[in-house]
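Geometric and topological summary
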Amino acid sequence: MRPLPMDSLGTPVIAPASGPKSLEEGLKNNLISLLQRQRSAQLGDGTPSADVRIDRINRAIALLVDHKDAIADALRGDFGHRSLHTSLLADVAAPIVSLKRARSKLRGWMKPERRKVTPAFLRLFGARAHVMYQPKGVVGILSPWNYPLQLTFTPLAGVFAAGCRAMIKPSELSPRTSDLMAELFRNAFAETEVVVVKGGPDVGAAFAGLPFDHLLFTGSSSIGRHVARAAAENLVPLTLELGGKSPVIVGRSADLSLATKRLMLGKTLNAGQACLSPDFAIVPRECVTDFVREAKSAVAAMYPSLRENPDYTSIINRRHYARLATYLQDARAKGAEIVEINPAGEDFREQIHHKIPPTLILNPTDDMLVMQDEIFGPLLPVATYQSIDEAIRAVNARPRALALYYFGNDKSEQELVLTRTISGGVTVNDVIQHVTMDDLPFGGTGPSGMGAYHGIEGFRTFSHAKAVFRQSSLDVMAMLRPPWGDRFMKIVASLTKR
């Protein structure tokens, strides 16, 4: 195989092809070369032991621990400004928790799982059945820009626990962080274990079309459709972690002050640039005024000022900033009441960053852009309902979301919301927190994704569950071989009763 082009750090860079080859062909050939190297190493080395898997996890943890300051600096540079505390919590500490849990549990996860033998009499003669979890092989990871370390290293916990290798394509919208990740992995892992490839949308498209043993994509639903089509060409097993409009239902039994504190924390975390960010709220009609008052109070307590506040994150770039501004203009033009929460009354028209104050959009209608697209910013439409059935109907009228949030202490109403709505996951009396429970599966459903990972689900997602049956050494199946007669028919009759 011809060598791949490298940058100054020795990281593979998938560059446009030259000569008679098309751009697409050159990209594909370079990527396939990397994939073949990893697959050859996987097949040559055989199934990795628990110690090998733990060593890989330990090296991943060390990268996060030893380079946390550099990670925070890179993220700050990509966002223009990004809260140091957000970076340390979400992109360093959170994936470390997942990696450590995988490290502590993987020996147990690796054990063959005994299953019942049927018909049961076969067991008496020594037949046995079990499931063995075998590494799928090479896993492709397409990671996003909003939490680039978390959404690379957290799936790696399952990838390494399962005994797989990884090719990673990070987002071009966070180039400093992508460069740093590429350097860190290059220094700590062989290219046949983990490799990072950098490039724009053309590289991403070619990457999605590779014949991986599994592909994980985290990003928007619109791009997810393209990834699914590309993976289908090679029948690649696929996990899609998408987004959508995650609703918040505020019940009449909720502690409104506590609910808005938790809701607005989730909405302002990373300036709302999260797939699990609450996307719109549905509150009792008579509670809107109180909800607005409590939301203002909650934001003011967290962020007495916003413009130069180091805790408040910028929008990633000018294009996304302009997109959010368009949502506000469209909503205002269509009759919404815009409530900007700006505790210090600061002027955001001229700024070196792309900060947007938390903003409530009252009286939203379905024809508004902000109610059609995933927001990915600190804007919160606030709709109203009269009965809980009305709120549930409003949720069910939309595509199934990655998350649903319910606030309220009425147990029967909680159960009603849980059983009559479908979403990837649910947090009751808070937002986002279900994703921090590493023993719970994380994933969407339908338009918000397919498949799940985290904890044992991550291990199983990146493993092949191979069914193994060991037949008895006695010739117990002789009765099922021709020529068939009365004895055979008696066996069939015994199996076909009600």
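Fair warning: this is a prediction, and the values are worked out from it, not measured in the lab. (Residues numbered from 1 in each chain as written. Predicted model: local features only at pLDDT ≥ 70, side-chain atom pairs only at ≥ 80, totals over all residues. Heavy atoms only, no water.)

**Considerations on the overall build of the chain**
Definition in use: Each helix is a run of DSSP H or I of at least 4 residues and each strand a run of E of at least 2, with the numbering of both proceeding from the N terminus. Contact definition: two residues touch when any of their heavy atoms are within 4.5 Å. Only the protein chains shown count as covering a residue, and every accessible area follows the Shrake-Rupley method with a 1.4 Å probe. In this tally, Lys and Arg are treated as positive and Asp and Glu as negative; His is ignored, and so are the chain termini. Charge placement uses NZ in Lys and CZ in Arg. For Asp and Glu, CG and CD serve respectively.
When its secondary structure is counted, the chain shows 16 helices and 16 strands. Long-range pairs, those at least 24 residues apart, make up 74% of the contacts in the chain between residues at least 6 apart in sequence. Surface accessibility of the chain: about 22,400 Å² in total, with carbon and sulfur atoms responsible for 56%. If the 59 positive side-chain charges of the chain are averaged to one point and the 49 negative ones to another, these points end up 9 Å apart.

**Observations concerning the environment of lysine 245**
Condition: Residues adjacent in sequence count toward polar contacts only when both atoms are side-chain atoms; beyond that, a polar contact is any pair of N or O atoms within 3.5 Å, and within protein one must be able to donate a hydrogen and the other to accept it.
Within the secondary structure layout, lysine 245 lies in the loop between strand S7 (238–241) and strand S8 (247–250). Spatially, the C-alpha atoms of lysine 245 and serine 448 are 8.9 Å apart, while their sequence positions differ by 203 residues. In this view, lysine 245 contacts Asp279, Phe280, Val370, Met371, Gln372, Asp373, Glu374, Ile375, Arg398 and Ala401; residues no more than four positions away in its chain are not counted. Engagement of the side chain of lysine 245 in a polar contact is seen with the backbone oxygen of valine 370, the distance being 2.7 Å.

**Observations regarding the layout of surface pockets**
Here is the rule we go by: A cavity, in this analysis, means grid points on a 1 Å lattice covering only the protein atoms where a 1.4 Å probe fits yet has no way out; a pocket is instead an open set bounded by protein on both sides within 12 Å along at least five of seven lines, and a residue lines either one if it has an atom within 4 Å of a point. Grid points are joined across faces, edges and corners, and a volume is the space filled by probe spheres set on the points. Each residue gets one label: Ala, Val, Leu, Ile, Met, Phe, Trp, Tyr, Cys and Pro are nonpolar, Asp, Glu, Lys and Arg are charged, and the others, such as Gly, are polar.
Here the largest pocket is characterised by a volume of approximately 1,200 Å³. Around the largest pocket, the lining comprises 45 residues; the ones closest to its centre are Phe217, Gly219, Ser220, Ser222 and Ile223. When residues of the lining of the largest pocket are assigned to their parent elements, the largest contribution, seven residues, is made by helix H9 (residues 221–232). Split into classes, the residues belonging to the lining of the largest pocket amount to 19 nonpolar, 15 polar and 11 charged. For the second largest pocket, the calculated volume is near 630 Å³. Along its surface, the second largest pocket is lined by 29 residues, and Ala94, Gln150, Ile432, Val435 and Thr436 are the ones closest to its centre. Counting residues per element, the ones that place at least two in the lining of the second largest pocket are helix H4 (84–110), helix H6 (150–161) and helix H10 (256–268). For the lining of the second largest pocket, the leading source of residues is H4, giving seven residues.

**Details of the sheet that holds strand S3 (residues 138–142)**
One key point about sheets: their strands pair by backbone hydrogen bonds, in either a parallel or an antiparallel sense. Applied cut-off: Between any two strands, at least two bridges found by DSSP are needed for them to pair.
Within the open sheet, the six strands sit side by side as S5-S4-S3-S6-S7-S15. Their pairing is mixed. Strands with a single pairing partner mark the edges of an open sheet, and in this sheet they are strand S5 (194–196) and strand S15 (449–450). Examined bridge by bridge, strand S4 (residues 165–169) and S5 share three bridges and lie parallel to one another. For isoleucine 168, the partnering residue across the bridge sits in S5 and is valine 196.

**Topic: the pattern of salt bridges**
Stated formally: Here, a salt bridge means any Lys or Arg side-chain nitrogen found within 4 Å of an Asp or Glu carboxyl oxygen. Each residue's exposure class comes from its accessible area (1.4 Å probe, protein chains only) as a fraction of the maximum for that residue type: buried when under 20%, exposed when over 50%, partly exposed otherwise.
Here the structure, examined in full by the defined rule, presents 26 salt bridges. Here aspartate 73 ties to arginine 76 by a salt bridge, and the two come within 2.7 Å at their closest N and O atoms. With a gap of three residues between them, aspartate 73 and arginine 76 both fall in helix H3 (residues 68–79), about one helical turn apart. Note on arginine 76: relative accessible area 27%, which makes it partly exposed. With its nearest N and O atoms 2.9 Å apart, the salt bridge here joins arginine 115 to glutamate 113. A cluster of three or more residues bridged by salt bridges with shared partners is formed by Asp55, Arg56, Arg59 and Glu193.

**Some thoughts on unusual backbone geometry**
Between threonine 118 and the following residue, proline 119, the backbone shows a cis peptide bond with an omega angle of -10°. By secondary structure assignment, the location of proline 119 is in the loop between strand S1 (113–115) and helix H5 (121–124). Of note in this structure, asparagine 270 is not a glycine but carries a positive phi near 60°. Mapped onto the secondary structure, asparagine 270 falls in the loop between H10 and strand S9 (280–284).

**Digging into the pairing of S9**
Working note: regular strand, side chains alternate between the two faces of the sheet. Applicable threshold: Here the term right-handed applies to a crossover when the path leading from its first strand over the helix to its second strand runs clockwise, the strands being oriented away from the viewer.
Counting buried residues along S9, five of its five residues qualify, which places the element largely inside the surrounding structure. In terms of strand pairing, S8 meets S9 through three bridges, oriented parallel. By the bridge assignment for S9, isoleucine 249 is matched with isoleucine 282. With H10 bridging S8 and the parallel S9, this β-α-β connection has right-handed handedness.

**Here's the deal with empty space enclosed by the protein**
In this approach a probe as big as a water molecule rolls over the atoms, and the regions it shows empty are the leftover space. Counted according to the given criterion, the structure contains one cavity of 30 Å³ or more. For the largest cavity, the calculated volume is near 70 Å³. Elements supplying a minimum of two residues to the lining of the largest cavity: H4, H6 and helix H15 (455–461). A per-class count over the lining of the largest cavity returns four nonpolar, six polar and one charged.

**Section: the sheet that holds strand S16 (residues 463–470)**
So the rule is basically this: As a rule, the C-alpha atoms of each element are fitted with a line to give its axis, helices using only the stretch in contact, and angles between N-to-C directions run from 0 to 180 degrees.
Spatial ordering of the open sheet is given by S1-S2-S16, a layout of three strands whose pairing is antiparallel. The sheet is open, and its two edges are formed by S1 and S16, each paired on a single side. On average, adjacent strands in this sheet sit at an angle of 30° to one another, irrespective of strand direction.

**Digging into the pairing of strand S11 (residues 359–362)**
Side chains Thr359 and Ile361 project from S11 onto one buried face, and the interleaved Leu360 and Leu362 project onto a second face that is buried too. For strand S10 (residues 337–340) and S11, the ladder comprises four bridges, and the chain directions are antiparallel. From the neighbouring strand, isoleucine 338 faces S11, where its bridge partner is isoleucine 361. Here S11 pairs with strand S12 (residues 379–385) via four bridges, running parallel. Across the sheet, the residue bridging to leucine 362 is valine 382, located in S12.

**With respect to the packing of H3 against helix H7 (residues 175–188)**
The condition that has to hold: Angles are sorted into four bins: roughly parallel if under 35 degrees, roughly antiparallel if over 145, roughly perpendicular if 65 to 115, and oblique for all others.
Across the interface, H3 lies against H7 with an axial gap of 7 Å and an inter-helix angle of 150°. As far as their axial angle goes, H7 and H3 are roughly antiparallel. From H3, Ala70, Ile71, Ala74, Leu75, Gly77 and Asp78 reach across to H7, where they touch Pro175, Arg176, Thr177 and Leu180. Its residues assigned to classes, the contact of H3 with H7 shows six nonpolar, two polar and two charged.

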